Amino acid sequence: MVRLLIVMFSLLNGSVVLAECLSSSQLNQLTEKETGYLSQKIPPAFKHALEANEVSIAVEAVESENCLAKLVVKVPQAHLDEANAVLDAQPAKKIMLAGQGYELPQKAENEATFNVDANSLAIANPDRLQSAPLGKLRASLELMYAFITQKRAILNGDQTNTTPWPSALTAQVVASCNSQLSALTCSCIAGQYAEKITAHQMEYIQYIRENPYALATGANDGFEIFKRNAEAICKV
């Protein structure tokens, strides 16, 4: 049963006792909803970190006169270091982003308190960067894993891959080139990719190719060279 926020005034001592407004079931629903939202919105390095249990997401109760909840996101220190290394190498961008209100998470455990409707579980102003803590946390996580995705998309000249791709990824790569080349040629190209690029890295490359801002970083330059070489081999 949903527990409503209770404000009890004691006639004996005048104290105020606060209770939580959300049930365990509702908190679980909010956690699932937020996990799905972040997985869809944030670049794929975040989704992979969730799948590997490197990142955890939870919505917890908060005692308050208003109906509040708290998002808690835990990320590895290694990911913080990885993202900061990318940003530190671009001081001009770091200054620009800071001026716009964007910053990377500062610690491994991050929290944001937000107002929630106990009946509909609707969240007030969830993406307002400047005034809503939840919006600020969401934006900082997105920025962090955008930098990590860009870094991990970069091809090393001598890298190889021995783990087969999921069939769905192969089909996706074939379909993406099928409008310009034959299905046989596209299958060959996908095979060339899979010999060098892991499935996760291919997802990073695809994300960057589909996002002009990310593409402008040059993270895919090595892939574009490899792509042309693969096409030349497979067209023969």
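Just above sits the structure.
Predicted, not measured: the structure shown is a model, and the values here were computed from it. (Residues numbered from 1 in each chain as written. Predicted model: local features only at pLDDT ≥ 70, side-chain atom pairs only at ≥ 80, totals over all residues. Heavy atoms only, no water.)

(A) View of the nonpolar core. Within the largest apolar cluster, 61 residues are counted, with the highest numbers of intra-cluster contacts made by Leu22, Tyr145, Tyr193, Ile197 and Met202. It is helix H5 (residues 133–153) that contributes the most residues to this core, 9 residues altogether. Not counting residues within four places of it along the chain, the set of residues in contact with Ile197 comprises Leu155, Gln159, Asn161, Trp165, Met202, Ile205, Phe223 and Phe226. (Core = buried A, V, L, I, M, F, W, Y, C linked by side-chain atoms within 4.5 Å. Buried < 20%, exposed > 50% of the residue type's maximum accessible area, 1.4 Å probe, protein only. Helix = DSSP H or I, 4+ residues; strand = E, 2+ residues; numbered from the N terminus. Contact = heavy atoms within 4.5 Å.)

(B) Seen up close, the packing of aromatic side chains. Here the structure, examined in full by the defined rule, presents 3 aromatic pairs. Pairwise contacts between aromatic rings join Tyr193, Phe223 and Phe226 into one cluster. Residue placement shows Arg138 over the ring face of Tyr37; its charged tip is 3.9 Å from the ring centre. Between Lys196 and the ring centre of Phe226, over which it is positioned, the NZ or CZ distance is 5.7 Å. (Phe/Tyr/Trp six-rings, centres within 6.5 Å; stacked < 30°, edge-to-face > 60°. Lys NZ or Arg CZ within 6 Å of the ring centre and 35° of its normal.)

(C) Representation of the state of the cysteines within the structure. As enumerated under the stated definition, the model contains 3 disulfides in all. Sulfur-sulfur distance for the disulfide between Cys21 and Cys67 comes to 1.9 Å. Its S-S torsion of about 80° marks the bond between Cys21 and Cys67 as right-handed, since a negative value means left-handed. Here the residue Cys21 occupies a position in the loop between strand S2 (16–18) and helix H1 (24–41), and Cys67 occupies one in the loop between strand S3 (56–62) and strand S4 (68–74), the gap between them amounting to 46 residues. Residue Cys21 shares its accessibility class with Cys67, and that shared class is buried. Across the disulfide from Cys188 sits Cys234; the S-S distance is 2.0 Å. Handedness of the Cys188-Cys234 disulfide follows from its S-S torsion of about -75°: it is left-handed. Within this pair, whereas Cys188 is found in helix H7 (residues 183–196), its partner Cys234 is found in helix H10 (residues 221–235), the two being separated by 46 residues in sequence. (Disulfide = S-S within 2.5 Å.)

(D) Here's a closer look at helix H6 (residues 167–177). For H6, the set of buried residues is Leu169, Val173, Val174 and Cys177. Down the axis, H6 shows its buried residues gathered within 135° of arc, on one side only. Residues of H6 that are exposed and point more than 90 degrees away from the buried face comprise Ser167, Ala168 and Ala175. (Arc of directions from axis to C-beta.)

(E) Representation of helix H3 (residues 77–88) within the structure. With 12 residues, H3 should reach 16 Å at 1.5 Å per residue; the first-to-last C-alpha distance of 16 Å fits that figure. Turning to H3, its buried residues are His79, Leu80, Glu82, Ala83, Val86 and Leu87. Projected down its long axis, H3 carries its buried residues within an arc of 165°, all on one side. Of the surrounding secondary structure, the elements contacted by the buried residues of H3 are helix H2 (44–51), helix H4 (91–99) and H5. (Expected span 1.5 Å × (residues − 1).)

(F) Broad picture of the pattern of salt bridges. Within this structure, the stated rule accounts for 10 salt bridges. Between Lys70 and Glu60 there is a salt bridge, with its nearest N and O atoms 3.8 Å apart. Taken together, the residues span a long stretch of sequence, with Lys70 in strand S4 and Glu60 in strand S3 at a distance of 10 residues. A residue is classified by how much of its surface remains accessible, and Lys70, at 19% relative accessible area, is buried. A residue is classified by how much of its surface remains accessible, and Glu60, at 35% relative accessible area, is partly exposed. (Salt bridge = Lys/Arg side-chain N within 4 Å of Asp/Glu carboxyl O.)

(G) Representation of the packing of H2 against H5 in the model. At a minimum axis distance of 7 Å, the contact between H2 and H5 shows a crossing angle of 95°. Comparing their axes, H5 and H2 come out roughly perpendicular. Along its contact with H2, which presents Pro44, Ala45, Phe46 and Ala49, the element H5 presents Tyr145, Ile148, Thr149 and Arg152. Per-class residue counts for the contact of H2 with H5 are 6 nonpolar, 1 polar and 1 charged. (Axes fitted to C-alpha atoms, helices over the stretch in contact; angles between N-to-C directions. Parallel < 35°, antiparallel > 145°, perpendicular 65-115°, else oblique. Nonpolar A, V, L, I, M, F, W, Y, C, P; charged D, E, K, R; others polar.)

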